[in-house]
Protein chains: 2
Amino acid sequence: MNTAKQRIEQLRVRMKQEGIDYYIVPTADFHHSEYVNDYFKVREFLSGFTGSNGTLVISADEAGLWTDGRYFVQAERELEGSDIVLYRMGEENVPKIEEYLGKNVKEGQTIGFDGRVVSASFGKEIAKAVKDKNVKLVYDTDMVDALWQERPKLPAGKLWIVPEALCGETVSQKLAKVREKMAEEKAEHLLISKLDDIMWLYNIRGNDIDCNPVALSYAFISMDEAVLFVQKKAVTEEVAAYLKKNGIVCKDYDEIVPFIQQYTLKGKIWCAVTDINYLLYQLAAERGELVEKANPTELLKAVKNLVELENIRKYYLLDSVVLTKFLFWVKEHIGKEPLDEYGLAVKLDAMRSEIEGFLDISFDTISAYGANAAMMHYEATQTQSAQLKPEGLYLVDSGGQYLGATTDVTRTIALGSISDEIKKHFSKTVCGMLRLAETKFLSGCTGRNLDIMARQPLWECYMDYKCGTGHGIGYILNVHEGPHSVRCQYNAKITETELAAGMIVSDEPGVYIKGSHGIRIENILEIVNEVKNSDGQFMGFRHLTYVPIDLDVIDTRYMEPSDIKKLNNYHALVYQKLEPYFEGAEKEKLREATRAVG
Amino acid sequence: MNTAKQRIEQLRVRMKQEGIDYYIVPTADFHHSEYVNDYFKVREFLSGFTGSNGTLVISADEAGLWTDGRYFVQAERELEGSDIVLYRMGEENVPKIEEYLGKNVKEGQTIGFDGRVVSASFGKEIAKAVKDKNVKLVYDTDMVDALWQERPKLPAGKLWIVPEALCGETVSQKLAKVREKMAEEKAEHLLISKLDDIMWLYNIRGNDIDCNPVALSYAFISMDEAVLFVQKKAVTEEVAAYLKKNGIVCKDYDEIVPFIQQYTLKGKIWCAVTDINYLLYQLAAERGELVEKANPTELLKAVKNLVELENIRKYYLLDSVVLTKFLFWVKEHIGKEPLDEYGLAVKLDAMRSEIEGFLDISFDTISAYGANAAMMHYEATQTQSAQLKPEGLYLVDSGGQYLGATTDVTRTIALGSISDEIKKHFSKTVCGMLRLAETKFLSGCTGRNLDIMARQPLWECYMDYKCGTGHGIGYILNVHEGPHSVRCQYNAKITETELAAGMIVSDEPGVYIKGSHGIRIENILEIVNEVKNSDGQFMGFRHLTYVPIDLDVIDTRYMEPSDIKKLNNYHALVYQKLEPYFEGAEKEKLREATRAVG
């Protein structure tokens, strides 16, 4: 019997015993982090679907998995034989989970979920969807824990301190800015549950999530107090001394619940309803008035300071050098020796690790050949790894954590002959990436104003990619970071963030043809102020990524003359930036790879 | 003494008598219409500022006028000597009115306004801004009425029926759609205050606002009832019979207040908080639960049906023919006989009136020479009208009401030699208009996704126009119509509307250089569905406007090859569409005006 089928049946037995009609399993830790430690991979344990986003809803009659466009292809494959119905989020006539519950849950039934892994906003949506049906919500139960005999332990990696020279801002400077925002909102207290925000605020890092240097923790800030809740075994003596020196009170991770229940409140508590979990949200709401806006740390963290920017520019260049050398190596060795996806990922990770200041990779390297690249977040493993042939496209999306930056970059290259159609898709993707990068815009714009610059060349061919165009990136932190983004979809419930100088953002249009090929070209851009005049503050971008775009897949017939100029200008810049790091035959290769095309 | 100064002093005397510390005068009728009848021009009476948008706030110490970017230049000129402070809305560090009140109004003071001319949403903002200050709101008073001795009468033009063949949809079909939306929102009743929505719903028109064929009225819809509140003297026997035949109960305009106070409610009342006035909103809210969303009629009205679209295409072509002939005439006669702005507006209006089915102009023709064109909504009058010289630019923005369409179009032409800089501005504006018109987009996009297509050529030169790029247009109705638009500014409080096939929208980028010149090129576009595939429903535009773009002001050095191609394609289309309406020398002129450029 299919493993997923079996586990879901076991869960159904327990649900029946406990009187739970619908059980919801999102993909989340207690902090609504994007990536989660293995301890939290309950949905994957139950369904077998390994994508980073997905929610399972199980009732006696049906098990449904909701995931987004990045994972449709992958989910279809991984759910095969499980009887789990795939709900393709964002597609026509596909209900949202709350709509599904609103329609299917019957009068007087019970919905269960672990309130620590369900976000407050989602928990509220669920409650709202069934509010007229006398439905009971049970949210203090983790029903899968007992079924999961070999469940990994809750991680407790050691905390470490970001060297002062790399921070650009002290904890007390950051706290002062945060308290200014709190005063504006008339909030006396701030409860932060978002791990990267907590790390940023206290200039510390952790080791509890793969690729994300964060520690399981909470922060509670008052006008005269700053508390860190963290597992005691994660705190070294050095860190304890550092926290004390900075006036940060350290409490145990588990103390957060009694602390919120008992703390003497002086006024409103600010907690971001999109980040905090439903259980804590309910506890805080029982205590008093809430400010439910996004954490003030989020925007402060997104606008990098000058020290951060200097380090980011430096490491993006070093990272670009390594990726360029790796891609040259692949092009040279393809057809001459066996190459496979996993082996190449390992090789690239190893090359990156030789950069001084390297800490880790910033996410699992996506090394995808041919049709595998059509799965946006495909991951080859040692046992499942396609052999590369000297034909078609190879896509590699990767990044590193360094003592001075978190990087992210994607290139797609030809391994041999490429069809005319694929060249067209590739050239249009490149046009989109370059057009967005060269866009000038007025202060006040959000990513939704700009997204079409990247998408238009594809839309003109009636093609689209089912994901956003760009995301923010942390500083020695998470590779995906808000609050800004570049996307096209309108959602009245999401507050858009104005783009600001000092933010960095990815620019990654693509083409994904199921069963055939995948193309993604991703540069990271720094947002800069340009001219200010009576019409306002004009802004633009600067590239942080300097990696050649494979001219073997470019067909200039599919590009406007202005696009060709943009490509040549970019390549001239790539040569100029990379040239000092290349010698001899490799330098010749660089010159050839960045030559002007007509 | 300056008239405005004098009138404001008189008002202050009355304010003191009545114990009112701040008096607010918006520019609105009882229905929050965009254009208002002279009866309602209280703000203009007090301040002398004639722009269509502006709100006056008067206290003992200060009189301030808030207006938007379209009117900065004009307001500055018209307010000279009045001591009224101009608040430039949208500029940095300029407070919103509610922020101004929040800051300046003191504990225990009184704010007064006529609750019938203040929208519910604005009234609520005012109340919210001063809620902690124990401030009294007096909103049942029109303090200016007694000062305004020669105030025009409340208009009561005759209602008329839209011929059935032009409607495309019967009243009962429209009511059925509206009731479907009401059922979705669980609203038993719908109170509509928006005049064009009421006219659309009942397939009638009125004569109470210049250029807008609407009647002062309210509509109240229940699941089994449809009521029209309108001035009795506006109802002819024919209209009375028509209303009766369509099951519409006709009540007197003034009865709306007692009706809302006394009606036996069966459930929630839907009233659009952005359209209804504060007085009625308060009355309705006292009765029971409200649904505060935009009127369901708004979106239904914006998506034109096939009969409407057919008529719109026909009249836009006839309208284009007339404007083209007018522009040829101006170009031929400039320098040979005296021409002035007002005279040309009169001539164009007269030419338009000869089109069969012409009813009226759709707004006061903007006929602006040289620096006057830098004022977006400049209006020449018989006594203030600049003479045209055979040099520089002439801008004309105009439209007609026809029995089958409401049109709107702007062209800017050269009257003689043009500087290189102006040619650059003109060419960039043309690029913007054409790029937006040729944009392909995916279903789900709103105007904010697309705006940058029109603005990017100007933003690349660090220039901007301080207004939206496009607005919807009514059908034998208001020339500005929602709910969709094309604009770039983000406002979390405004719900964006997805663009849909059958909507029409203007595309009107421009350059406005104070004291020098103004350029606007405005086409109206029809939104159409194009390819639908697994990536979604792709959409695009079709031109409704076919008027040559003056090649004398084009310099192709400022255009991309793809822009030049777009211009030539458009001109080929213009020639093909207009050619049957031109003969002899004029046809030659048309051929010359639409020639391909390189």
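The model shown is predicted, which means the values in this text are computed figures rather than measured ones.

(A) Representation of the sheet that holds strand β14 (residues 290-291) of chain B. Residues and elements named next belong to chain B. On the basis of which strands lie adjacent, the open sheet formed by six strands has the order β12-β11-β10-β8-β13-β14 and mixed pairing. Two strands bound the open sheet, and with one partner strand each, they are β12 (248-252) and β14. Bridge count between strand β11 (residues 225-230) and β12: five bridges; the pairing is parallel. Within the sheet, the bridge partner assigned to Val227 lies in β12 and is Val249. Across the sheet, helix α8 (residues 195-202) is in contact with β8 (187-192), β10 (217-222), β11 and β12; its angle to β10 comes to roughly 55°.

(B) A look at the confidence of the model for chain A. The pLDDT averaged across chain A works out to 96; a share of 100% of its residues lies at or above 70. Quick note on the complex model: pTM equals 0.90, ipTM equals 0.89.

(C) Seen up close, the interface of chain B and chain A. The interface of chain B with chain A comprises 34 residues on the first partner and 34 residues on the second. Surface buried jointly by chain B and chain A totals about 3100 Å² across both partners, of which 55% is contributed by carbon and sulfur atoms. Considering only the surface of chain B that becomes buried against chain A, B:Asn449, B:Tyr462 and B:Tyr490 emerge as the three largest contributors, covering 22% of it. Residue A:Glu92 is joined to B:Lys532 by a salt bridge in which the shortest nitrogen-to-oxygen separation is 3.5 Å.

(D) Fine view of the sheet that holds strand β16 (residues 366-369) of chain A. Residue and element names in this part refer to chain A. Sheet architecture is open: three strands sit in the order β16-β17-β20, paired in antiparallel fashion. Looking along the sheet, the strands with just one partner apiece sit at the ends: β16 and β20 (409-414). The mean angle between the axes of side-by-side strands here comes to 10°, regardless of whether they run parallel or antiparallel. By the bridge criterion, six bridges tie strand β17 (residues 393-398) to β20 in an arrangement that is antiparallel. In the sheet register, Ser398 faces β20, and the bridge partner there is Val409.

(E) Summary view of the pattern of salt bridges. Counted under the stated rule, the structure contains 86 salt bridges over all chains. Between A:Glu481 and A:Lys304 there is a salt bridge, and its shortest N-O distance comes to 2.7 Å. Of the two residues, A:Glu481 sits in strand β23 (residues 481-486) while A:Lys304 sits in the loop between α12 (296-302) and α13 (306-333), which places them 177 residues apart along the sequence. Pair check on accessibility: A:Glu481 and A:Lys304 agree, each one buried. Residue B:Arg151 pairs with B:Asp145 through a salt bridge whose shortest N-O separation is 2.7 Å. B:Asp145 gets classed as partly exposed once you look at its relative accessible area, which sits at 37%. Within this structure, A:Lys194, A:Asp196, A:Asp197, A:Lys301, A:Lys304 and A:Glu481 form a network of salt bridges that share partners.

(F) Spatial organisation of the side chain of A:Gln231. Residues and elements named next belong to chain A. Structurally, the position occupied by Gln231 is in the loop between β11 (225-230) and α9 (237-245). The class for Gln231 is buried, based on a relative accessible area of 11%. Not counting residues within four places of it along the chain, the set of residues in contact with Gln231 comprises Leu154, Pro155, Ala156, Asp208, Leu216, Asp252 and Tyr253.

(G) Focus on the pairing of strand β3 (residues 63-67) of chain A. All names here are of chain A. Of all five residues making up β3, five are buried, and the element is well covered by its neighbours. Burial along β3 is two-sided: the residues Ala63, Leu65 and Thr67 and Gly64 and Trp66 are all buried. As paired strands, strand β2 (residues 55-58) and β3 are joined by four bridges and run antiparallel to one another. Looking across to β3, one finds that Val57 is bridged to Gly64. Between β2 and the antiparallel strand that follows it, β3, lie four residues. In this fold, β3 hands off to helix α3 (residues 72-78), which returns the chain to strand β4 (residues 85-88); that crossover is right-handed.

(H) The packing of aromatic side chains, seen in detail. All names here are of chain B. Evaluation of the coordinates by the stated rule reveals 42 aromatic pairs over all chains. Their ring planes at 80° and their centres at 5.0 Å tell us that Phe30 and Phe40 sit as a pair that is edge-to-face. Separated by ten residues along the polypeptide, Phe30 in the loop between β1 (22-25) and α2 (42-47) and Phe40 in the loop between β1 and α2 bring together distant segments of the chain. For the pair Phe30 and Phe40, a shared accessibility class is recorded, and that class is buried. Plain terms: the ring middles of Tyr87 and Tyr100 are 5.6 Å apart, the flat faces sit at 65° to each other, and that makes the pair edge-to-face. Taken together, the residues Tyr87 in strand β4 (residues 85-88) and Tyr100 in helix α4 (residues 97-104) connect sequence positions 13 residues apart.

(I) Fine view of α13(A). Residues and elements named next belong to chain A. Across its 28 residues, α13 extends 41 Å between first and last C-alpha, which sits within 8% of the 40 Å expected from 1.5 Å per residue. You can read the cap of α13 off the contacts: a side-chain oxygen lies 3.1 Å from the backbone nitrogen of Val307, and it is on Asn305. Gly335 sits one or two positions beyond α13 and adopts a positive phi of about 85°.

(J) Summary view of unusual backbone geometry. Put simply, A:Gly482 and A:Pro483 share a cis peptide bond, and its omega is 0°. Despite not being glycine, B:Asn203 has its phi angle at roughly 55°, a positive value. Looking at where B:Asn203 falls in the secondary structure, it is placed in the loop between α8 and β9 (204-205). Judged by its relative accessible area of 6%, B:Asn203 falls in the buried class. At B:Tyr462, a residue that is not glycine, the phi angle is positive and equals roughly 60°. The topology assignment puts B:Tyr462 in the loop between α16 (447-459) and β22 (470-472). A relative accessible area of 22% means that B:Tyr462 is categorised as partly exposed.

(K) Molecular detail of a negative patch on the surface. Together, A:Asp210, A:Asp360, A:Asp364 and A:Glu379 make up a region of like negative charge exposed at the surface. Inspection of the secondary structure puts A:Asp210 in the loop between β9 (204-205) and β10 (217-222).

(L) Looking closely at the pairing of β10(B). Residue and element names in this part refer to chain B. Counting buried positions along β10 yields six of six residues, so the element is predominantly enclosed. Burial along β10 is two-sided: Ser217, Ala219 and Ile221 and Tyr218, Phe220 and Ser222, pointing in opposite directions, are all buried. Sheet topology places β8 next to β10; four bridges connect them, and they run antiparallel. Following the sheet pairing, His189 is matched in β10 by Ser222. The pairing of β10 with β11 spans six bridges and is antiparallel. Note on β11: the bridge partner recorded for Ile221 is Ala226. Here β10 hands over to β11 after two residues, the two strands then running antiparallel side by side.

(M) How the structure looks around the relation of the copies chain B and chain A. Once chain B is rotated about the relating axis by 180° and shifted along it by 0.0 Å, it coincides with chain A to within an RMSD of 0.0 Å. Here the symmetry operator amounts to a two-fold rotation axis. Minimal C-alpha distance to the rotation axis in chain B is attained by B:Asn449, lying at 2.6 Å. When the interface residues of chain B are mapped onto chain A, 100% of them are again interface residues, pointing to one common binding face.

(N) Here's a closer look at the layout of surface pockets. Taken as a whole, the second largest pocket encloses approximately 950 Å³ of empty space. Surrounding the second largest pocket, 39 residues form its lining, A:Arg435, A:Glu560, A:Ser562, B:Glu560 and B:Ser562 being those nearest its centre. Breaking the lining of the second largest pocket down by element, the ones donating at least two residues are α15 (420-437), α16 (447-459) and α17 (561-578) of chain A together with α15 (420-437), α16 and α17 (561-578) of chain B. A class-by-class count of the residues in the lining of the second largest pocket yields 13 nonpolar, eight polar and 18 charged.

Conventions we followed
- Residues numbered from 1 in each chain as written.
- Chains lettered and ligands numbered in written order.
- Predicted model: local features only at pLDDT ≥ 70, side-chain atom pairs only at ≥ 80, totals over all residues.
- Heavy atoms only, no water.
- Pairing = 2+ DSSP bridges.
- Helix = DSSP H or I, 4+ residues; strand = E, 2+ residues; numbered from the N terminus.
- Contact = heavy atoms within 4.5 Å.
- Axes fitted to C-alpha atoms, helices over the stretch in contact; angles between N-to-C directions.
- pLDDT = per-residue confidence, 0-100.
- Buried area = accessible area lost by both parts, 1.4 Å probe.
- Salt bridge = Lys/Arg side-chain N within 4 Å of Asp/Glu carboxyl O.
- Buried < 20%, exposed > 50% of the residue type's maximum accessible area, 1.4 Å probe, protein only.
- Right-handed = clockwise from strand over helix to strand, strands pointing away.
- Phe/Tyr/Trp six-rings, centres within 6.5 Å; stacked < 30°, edge-to-face > 60°.
- Expected span 1.5 Å × (residues − 1).
- Polar contact = N/O pair within 3.5 Å; in protein donor to acceptor, adjacent residues only side chain to side chain.
- Patch = residues over 30% accessible without salt bridge, like charges linked within 9 Å, V, L, I, M, F, W, Y side chains within 5 Å.
- Areas by Shrake-Rupley, 256 points an atom, 1.4 Å probe, with all protein chains shown as cover.
- Lys, Arg positive; Asp, Glu negative; His and termini not counted.
- Charge placed at Lys NZ, Arg CZ, Asp CG, Glu CD.
- Least-squares fit on C-alpha atoms with pLDDT ≥ 70 in both.
- 1 Å grid on protein atoms, 1.4 Å probe; cavity = no way out; pocket = protein on both sides within 12 Å on 5 of 7 lines; lining within 4 Å.
- Points joined across faces, edges and corners; volume = space filled by probe spheres on them.
- Nonpolar A, V, L, I, M, F, W, Y, C, P; charged D, E, K, R; others polar.

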